[in-house]
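One-letter residues, chain by chain:
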Amino acid sequence: RGADRDISDEEVAAIEEVAKRAGPAIENARRFREARQLADLDALTGLHNRRFFHETLAREVARAQRYERSLALIVFDIDDFKAINDKVGHLAGDAVLAQVAERVQSVVRGSDVACRVGGDEFAVILPESTLQDAEQLYRRLQFAVASRPAGAAERIHLSAGIADLGPTDDAVSFFERSDEALYRAKDAGKGQVVAANGRR
């Protein structure tokens, strides 16, 4: 049978030549994948960055609408972060951001996508989730962040806006509704969560 025959020297040489040519291509693919992963991450916090957030949000919105699935979003920031920076300096402020990001990672689910979208503003995309799920995540985030000091900051609180995907939403309007709810939470006294539909 063909499977039992010995491989000739010519065939071995041909296989070695293919392997020799494939090696650099495989290595280049690995390097590209690593570079792409680094390009998707925020260097300071290790969370996904703004570009990755917007790409992923657009993809998740399209998927949720196509398959009629639920999708929630939470956008939050650190209350009075400018005052923290002014008090302890930007390097210490960066350490606070890194610790907050670490605590965010410790409470999000594996399916959630946690991102730093700029400055001290973060977002988490919650596939297969409702407004109530987003509110529960806010409570877990607030507890994880406020329960002990982060770097040079004694007490940290988060304000958040949450939304669930509406039938007329695209990725931009979905984010804008959540972001606008965040600003309403800050206007309401900070350390709070406000839903995009006005409920708290």
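Above this text sits the structure in question.
K.L.:
Run through the pattern of salt bridges, naming residues and quoting values.
P.N.:
All chains considered together, the criterion is met by 14 salt bridges. Linking K186 and D79 is a salt bridge whose minimum nitrogen-to-oxygen distance equals 2.8 Å. Of this pair, K186 sits in helix α6 (residues 171-187) while D79 sits in the loop between β1 (71-78) and α3 (81-88), placing them 107 residues apart in sequence. The salt bridge partner of D112 is R109, with a shortest N-O separation of 2.6 Å. A relative accessible area of 8% means that D112 is categorised as buried. The exposure class of R109 is partly exposed, given its relative accessible area of 33%. Among the charged side chains, a network of salt bridges with common partners joins E60, R63, R69 and E128.

K.L.:
Kindly report on the packing of aromatic side chains, identifying the contributing residues and their values.
P.N.:
Under the counting rule described, the total for this entry stands at two aromatic pairs. Plain terms: the ring middles of F53 and F175 are 5.5 Å apart, the flat faces sit at 65° to each other, and that makes the pair edge-to-face. Highlighted residues: F53 in helix α2 (residues 50-66) and F175 in helix α6, separated in sequence by 122 residues. Among the residues examined, F53 registers a relative accessible area of 0% and is labelled buried. A ring pair is formed by F76 and F122, whose centres lie 5.5 Å apart and whose planes are at 15°; its orientation type is stacked. You can see F76 sitting in strand β1 and its partner F122 sitting in strand β3 (residues 121-127), a full 46 residues away along the chain. The pair F76 / F122 is uniform in exposure class, with both members buried.

K.L.:
Hey, could you go over α2 for me, with residue numbers and the actual values?
P.N.:
In a regular helix each residue adds 1.5 Å, so 17 residues correspond to 24 Å; α2 covers 24 Å between its end C-alpha atoms and thus fits that length. Residues of α2 that are buried include every one of F52, F53, T56, L57, E60, V61 and A64, and no others. Each buried residue of α2 sits inside an arc of 155° when the element is viewed along its axis, so together they form one side. N-capping of α2 is provided by N49, with a side-chain oxygen placed 3.4 Å from the backbone N of R51. Just downstream of α2 lies E68, where phi reads positive at about 55°.

K.L.:
I'd love a proper account of unusual backbone geometry, names of residues and values included.
P.N.:
Positive phi is not limited to glycine here, since E68 has a value of about 55°. Mapped onto the elements of the fold, E68 is located in the loop between α2 and β1. Its relative accessible area of 74% is what places E68 among the exposed residues. A positive phi angle is found at K190, which is not glycine, with a value near 65°. Note on placement: K190 falls in the loop between α6 and β5 (193-195).

Parameters at a glance
- Residues numbered from 1 in each chain as written.
- Predicted model: local features only at pLDDT ≥ 70, side-chain atom pairs only at ≥ 80, totals over all residues.
- Heavy atoms only, no water.
- Salt bridge = Lys/Arg side-chain N within 4 Å of Asp/Glu carboxyl O.
- Helix = DSSP H or I, 4+ residues; strand = E, 2+ residues; numbered from the N terminus.
- Buried < 20%, exposed > 50% of the residue type's maximum accessible area, 1.4 Å probe, protein only.
- Phe/Tyr/Trp six-rings, centres within 6.5 Å; stacked < 30°, edge-to-face > 60°.
- Expected span 1.5 Å × (residues − 1).
- Arc of directions from axis to C-beta.
- Polar contact = N/O pair within 3.5 Å; in protein donor to acceptor, adjacent residues only side chain to side chain.

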